[in-house]
Amino acid sequence: GEARIVVGRDGVGYVYTDNLPVLAADRTYQLWAIVDDRVISAGVLGNDPDNSPFQVVGDIAGFAITDEVAGGVPVSEGDTVAVWLRNA
């Protein structure tokens, strides 16, 4: 999958995912941020996301989008569909 992520200096960001396949109604895409050596949920995007706002605070090392059960999860259990790592 592909996604575009823009984050301002204040930590407010947007993820643009207009080309991800639509998931079943019982599934959702979830955005994860790698911040200060931790992986945290940055938001549940829904099963057919387009543009979604989020906010993170700290030193961002990367992002991932996963396919999870509807409603989201506290720790990823699904497949990774997109990843960006700052130092990759």
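First things first, this report covers the structure right here in the doc.

Cut-offs applied
Residues numbered from 1 in each chain as written. Predicted model: local features only at pLDDT ≥ 70, side-chain atom pairs only at ≥ 80, totals over all residues. Heavy atoms only, no water. Pairing = 2+ DSSP bridges. Helix = DSSP H or I, 4+ residues; strand = E, 2+ residues; numbered from the N terminus. Axes fitted to C-alpha atoms, helices over the stretch in contact; angles between N-to-C directions. Buried < 20%, exposed > 50% of the residue type's maximum accessible area, 1.4 Å probe, protein only. Contact = heavy atoms within 4.5 Å. Salt bridge = Lys/Arg side-chain N within 4 Å of Asp/Glu carboxyl O.

Before going further, it helps to examine the sheet that holds strand β2 (residues 12–16). One open sheet holds the three strands; their spatial order is β1-β2-β5, and the pairing between them is antiparallel. Both edges of this open sheet fall to β1 (4–7) and β5 (51–55), since each of them pairs with a single strand only. Here the average twist between neighbouring strands, direction ignored, is 20 degrees. Looking at chain direction, β2 and β5 are connected through five bridges and run antiparallel. Its bridge partner lying in β5, Y14 is registered against P53.

Structurally, the position occupied by G78 is in the loop between β6 (60–69) and β7 (79–85). Using a relative accessible area of 23% as the deciding quantity, one classes G78 as partly exposed. Between the C-alpha atom of G78 and that of Y29, which follows or precedes it by 49 residues, the distance is 9.4 Å. Non-local contacts of G78, meaning those with residues more than four positions away in its chain, are made with D67 and E68.

Per the stated rule, a full pass over the model turns up two salt bridges. Put simply, R27 and D67 hold a salt bridge, and the shortest N to O gap is 2.8 Å. Note that R27 is positioned in strand β3 (residues 27–35) and D67 in strand β6, a separation of 40 residues in sequence. A relative accessible area of 25% means that R27 is categorised as partly exposed. One salt bridge connects R86 with D59, and the closest N-O pair in it is separated by 2.8 Å. Taken together, the residues R86 in the segment after β7 and D59 in the loop between β5 and β6 connect sequence positions 27 residues apart. Looking at R86, the relative accessible area reads 37%, which means it is partly exposed.

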